[in-house]
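Report on the structure
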Amino acid sequence: MPTSFSDAWHVFLVLPLETVLVFLEGYLGPGVAIIAFTVLSRVVLFPLTVAQTRSTQRMQALQPQLNALKTKYAKDRQKLNEETMALYKEAGVNPAAGCLPLLIQMPIMFALYGAISGAASNEDSDFAKPWLWLDALNKPDVIHVFGIALPFILPILAAITQFIQQRMMTQPTDDPAQRQQQQMMQFMPLMMLWIGTSVSSGLGVYWVTQNVVGIVQQYFTTGLGSLATLRLPTFGRGSPASEAIVEQTSRDRQSARGPRAGGVSSGGGKRSGGKS
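The present account deals with the structure reproduced in this document. Remember, predicted model here, so these are calculated numbers, not experimental data.

What follows covers the overall build of the protein chain. Secondary structure summary: the protein chain contains eleven helices and two strands in total. Walking the protein chain from its N terminus toward its C terminus, one meets helices and strands in the order α-α-α-α-α-α-β-β-α-α-α-α-α. A total of 276 residues make up the protein chain; the buried ones form 34% of that total. Of the roughly 17700 Å² of accessible surface on the protein chain, a fraction of 64% belongs to carbon and sulfur atoms.

So, on to a nonpolar patch on the surface. On the surface, Leu-132, Trp-133, Ile-143, Val-145, Phe-146, Ile-148, Leu-150, Phe-152, Ile-153 and Leu-157 cluster together into a nonpolar patch covering about 940 Å² of accessible area. Mapped by element, the contributors of at least two residues to the nonpolar patch are β1 (142-145), β2 (148-151) and α7 (153-169). Note on placement: Ile-143 falls in strand β1.

As a further point, take the nonpolar core. Leu-21, Ile-34, Phe-37, Ile-116, Phe-127 and Leu-137 are the most contacted members of the largest nonpolar core, which has 25 residues in total. Counting only elements with at least two residues in this core, the list comes to α1 (5-28), α2 (30-44), α6 (99-121), α7 and α10 (201-222). At six residues, the largest contribution of residues to this core is made by α6. With residues near it in sequence (within four places) discarded, Ile-116 still touches Leu-21, Ile-34, Phe-37, Gly-202, Leu-203 and Tyr-206. Ranked by size, the runner-up nonpolar core spans nine residues in total, among them Met-59, Leu-87, Tyr-88 and Val-93.

Once that is clear, we can look at the pattern of salt bridges. Under the defined criterion, the tally for this structure stands at two salt bridges. The shortest N-O distance in the salt bridge between Lys-79 and Glu-83 comes to 3.3 Å. One end of the pair, Lys-79, and the other, Glu-83, are both in helix α5 (residues 77-91), four residues apart, so they sit about a helical turn from each other. As a salt-bridge pair, Lys-129 and Asp-126 come within 2.9 Å of each other at their nearest N and O atoms.

This part covers the packing of helix α3 (residues 46-61) against α10. It is the contact of α3 with α10, at a shortest axis distance of 11 Å, that shows an interaxial angle of 50°. When the interaxial angle is binned, α3 and α10 end up oblique. Classified by chirality, the crossing of α10 by α3 is right-handed. Judged by residue contacts, Phe-46, Val-50, Thr-53 and Gln-57 of α3 engage Gln-217, Gln-218, Thr-221 and Thr-222 from α10. Considered class by class, the residues forming the contact of α3 with α10 number two nonpolar, six polar and no charged.

The next thing to look at is the pairing of β2. In this sheet, β2 lies alongside β1 in antiparallel orientation, the contact comprising four bridges. By the bridge assignment for β2, His-144 is matched with Ala-149. Counting the residues in the hairpin turn of β1 and β2 gives two residues, including Phe-146, whose phi is positive at 55°.

Inspection of the secondary structure assignment puts Gln-166 in helix α7. Overall, Gln-166 belongs to the buried group, its relative accessible area being 7%. Not counting the four nearest positions on each side in its chain, Gln-166 is found in contact with Met-185, Gln-186, Met-188 and Pro-189.

With that out of the way, let us pick up unusual backbone geometry. Phi is positive for Leu-132, which is not a glycine, with a value near 55°. By the element assignment, Leu-132 lies in the loop between α6 and β1. Overall, the relative accessible area of 62% leaves Leu-132 in the exposed class.

Let's shift gears to α1. Along its 24 residues, α1 runs 33 Å from first to last C-alpha, staying within 8% of the 34 Å computed at 1.5 Å per residue. Roughly 40° is the biggest bend found in α1, and it falls at Val-14, with proline Pro-16 one to four residues downstream. For α1, the complete set of buried residues consists of Val-14, Leu-17, Glu-18, Leu-21, Leu-24 and Glu-25. Backbone geometry just after α1 places Gly-29 at a positive phi near 90°.

Criteria and thresholds
Residues numbered from 1 in each chain as written. Predicted model: local features only at pLDDT ≥ 70, side-chain atom pairs only at ≥ 80, totals over all residues. Heavy atoms only, no water. Helix = DSSP H or I, 4+ residues; strand = E, 2+ residues; numbered from the N terminus. Buried < 20%, exposed > 50% of the residue type's maximum accessible area, 1.4 Å probe, protein only. Areas by Shrake-Rupley, 256 points an atom, 1.4 Å probe, with all protein chains shown as cover. Patch = residues over 30% accessible without salt bridge, like charges linked within 9 Å, V, L, I, M, F, W, Y side chains within 5 Å. Salt bridge = Lys/Arg side-chain N within 4 Å of Asp/Glu carboxyl O. Core = buried A, V, L, I, M, F, W, Y, C linked by side-chain atoms within 4.5 Å. Contact = heavy atoms within 4.5 Å. Axes fitted to C-alpha atoms, helices over the stretch in contact; angles between N-to-C directions. Parallel < 35°, antiparallel > 145°, perpendicular 65-115°, else oblique. Left-handed = near helix turned anticlockwise from the far one by under 90°. Nonpolar A, V, L, I, M, F, W, Y, C, P; charged D, E, K, R; others polar. Pairing = 2+ DSSP bridges. Expected span 1.5 Å × (residues − 1). Bend = angle between axes of the 7 residues up to and from the residue.

Spelled out as structure tokens, the structure:
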């Protein structure tokens, strides 16, 4: 029997998941096994993901009323708590409902990381052999430039898919506090890019696959979210960026011709006067 928390964690969570991963690897190969393993885990956890997403949406819908209560009862903490709980009861919202699915998912997610890391750490396993462009799934996917390890394909894909999923999870809001929190979360893809230079490629395959599956699930659950309001600069004909460039160029040409146009107009007036 396990004698410590770390032993229990490994025996009851990490080891069973690692066994499933190795079993899949025997039929599918190491890289595809990680992809299939990740998709399977996301499908199993999908009901919890939906519950968390819907609870978060209901809480976001109540934010204007909660802010109004905070302003109204700023000096009466007890009354604020009473009115807040009454609002939750009237709206049928449980504040803990959004946290419970996350508390269940997080240990499983960390155990998945441990299982993939354990399977890829064995130098004699197929996870330590080349797969696609990767030298091995137990080594980081990096490219060395002048001796500096820079993120290559998997870390970049992880950062991009993380950004897309994050934008889809955040809903448009006019609440300043929520908007500030959403802006702070924009640094998460950069963190993924940096972490990707030090973790094994197997974990990178897991994270990219998880993000892609999460994007599909998020789309059918809540739609595009804040991703629908994202505007990227385009340079095609008629685009705002190209119109701005054309307008600026036109102004520059007019300012360059301005003095000459004035001189010609003045000289033309004199010649006309001379003829008369």
